[in-house]
Amino acid sequence: MWKGPPIGPDLGVLRTPLSAHCAGRSPAPPPPFGDLMTWMIRPDAFVAFENEEIRNSLSRYIRVVRGEEAPLFRIAQRIRVDISGGLWKAHEEGLNVMKEFLSGECDLEDQGQISLLDVKIRLAKELARNCRLCEWKCGVNRLEGEIGVCRVRGPRISSAFIHMGEEPPITPSGTIFFSGCNFKCVFCQNWDISQYPESGKPVSERDLSIMMDRLRRSGARNINLVGGEPTPNLPSILAALPLTSEDFPIIWNSNMYMSEEATKLLIGIVDLWLPDFKYWDDECARKYSKVVRYRETVTRNLKIAYELGDMVIRHLVLPNHLECCTKPILKWISDNTPNALVNIMAQYRPEYMARNYPEIDKRVRRDEMVEAYRYADDLGLKWRSVS
């Protein structure tokens, strides 16, 4: 995978008026999404929004891409809340207002002390002070540079560029690759980013906002937060959003190992969830990614995320893991997140330390993929448009 040059602090600030949505005006039209050559590379992305399966599952995301609706973080920026009863209570009340607004049951009123987005920023910093951003819950003071399992001291960007290799409705995608990860996957294809949190360039919240705006203006349909893993950088990501001047849908491209509190902070921010659902068997998660309580954590977070925001779930089929992981995962998706699109991925290749595990030191077989697709069809999953 090509990683373009970092878009960082040396590129300057482009000043444009504050988002029309945030100012209460009609939204400006979205930027043109690339030139003819861009679409020749991915003609399936060009016509993705005409696909019925995609339109039905990603309807709000599509409207945000087209500039017909505000991204959720702009709505969170406009909702005002009273914090006298505490930040978490204010957060819950603000989310209730957002849900009512999205369903057409209320208008936004300029009442309250601070915005819902500002509440989220404060709460994220509280989580980082005694780190509970992910399910490891290390308890270190990330605000003072202490390090936990992920070893991330502060946000560092490996690369930021227009990605032409994502799912059709996501491409072209403004991907921002964060260094570091709270997993230690033995087959990681981005191990040079995920396992080296000191790689890349350190960035400030202002730098992140500049990257987001420039990617959108350059033709990105979205801002795609990935890595590595974005979760350790949640406080900086949230703090960067009010500094942006462009409107864009936010994609959370994650292993979904966030704490329950961090997941709730992402509700009302993320327009399109792009989670990895790697394992069903916790022993597989422990063996290959060195994490505990995987299934409990990821299924909990997927249920929370499914409440608000569209979703494309990625499942990478591993060799010899059809019965222990792939089939139970697909069944769970069918039972719990039936409107989500599902990318059943055949791209596994033995990378990094996979050679030390003979059972996965090989490509997935064709008959395994055929069986996974057949089972998905039997369950009625929506997979063909994104797999």
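Predicted model only: the values in this text are computed from it and were never measured.

Caption draft 1: How the structure looks around the packing of aromatic side chains. All chains considered together, the criterion is met by 14 aromatic pairs. Between W136 and Y257 the ring centres are 6.1 Å apart and the planes differ by 65 degrees, which places this aromatic pair in the edge-to-face class. In this pair, W136 is assigned in the loop between α8 (116-129) and β3 (156-163) and Y257 in the loop between β7 (250-254) and α12 (260-266), connecting sequence segments 121 residues apart. With a relative accessible area of 25%, W136 lands in the partly exposed category. Measuring from ring centre to ring centre gives 5.6 Å for F187 and Y348, while their planes differ by 70 degrees; the resulting arrangement is edge-to-face. Of this pair, F187 sits in the loop between β4 (173-178) and α9 (191-194) while Y348 is found in the loop between β10 (341-345) and α16 (366-379), placing the two residues 161 residues apart along the sequence. Assessed through its relative accessible area of 5%, F187 is described here as buried. Here the aromatic cluster, defined as three or more aromatic residues joined through ring pairs, consists of W136, F183, Y257, Y279 and Y294. Directly above the aromatic system of F49 lies the positively charged group of R221, at a separation of 4.2 Å from the ring centroid. Between K327 and the ring centre of Y375, over which it is positioned, the NZ or CZ distance is 5.5 Å.

Caption draft 2: Local environment of unusual backbone geometry. Of note, the amide linkage connecting T171 to P172 takes the cis form, showing an omega dihedral of -5 degrees. Within the secondary structure, P172 is located in the loop between β3 and β4. The residue after G227, namely G228, is reached through a cis peptide bond having omega 20 degrees. Mapped onto the elements, G228 comes out in the loop between β6 (223-227) and α11 (234-240). Phi angles above zero are rare outside glycine, and R151 is one such case at about 65 degrees. Mapped onto the elements, R151 comes out in the loop between α8 and β3. Non-glycine residue N320 carries a positive phi angle of around 65 degrees.

Caption draft 3: Inspection of the pairing of β7 at higher detail. The buried count for β7 comes to five of five residues, which makes it a mostly enclosed element. Of the two faces of β7, both are covered, the one formed by I250, W252 and S254 as well as the one formed by I251 and N253. Where β6 and β7 come together, three bridges link them in parallel fashion. For N224, the partnering residue across the bridge sits in β7 and is I251. Taken together, β6, α11 and β7 form a β-α-β motif whose crossover is right-handed. Pairing of β7 with strand β8 (residues 272-275), which is carried by four bridges, proceeds in the parallel orientation. Among the inter-strand pairings, S254 is bridged to a residue of β8, identified as P275. For the crossover that starts at β7, traverses α12 and ends in the parallel β8, the hand is right-handed.

Caption draft 4: Looking closely at the state of the cysteines. Counted according to the given criterion, the structure contains zero disulfides. Residue C138 stays outside any disulfide, its sulfur separated by 5.9 Å from that of C134, the closest cysteine. Judged by its relative accessible area of 35%, C138 is partly exposed. Considering cysteine sulfurs only, C185 is the nearest to C188, which forms no disulfide, with 5.9 Å between them.

Reading guide: rules and limits
Residues numbered from 1 in each chain as written. Predicted model: local features only at pLDDT ≥ 70, side-chain atom pairs only at ≥ 80, totals over all residues. Heavy atoms only, no water. Phe/Tyr/Trp six-rings, centres within 6.5 Å; stacked < 30°, edge-to-face > 60°. Helix = DSSP H or I, 4+ residues; strand = E, 2+ residues; numbered from the N terminus. Buried < 20%, exposed > 50% of the residue type's maximum accessible area, 1.4 Å probe, protein only. Lys NZ or Arg CZ within 6 Å of the ring centre and 35° of its normal. Pairing = 2+ DSSP bridges. Right-handed = clockwise from strand over helix to strand, strands pointing away. Disulfide = S-S within 2.5 Å.

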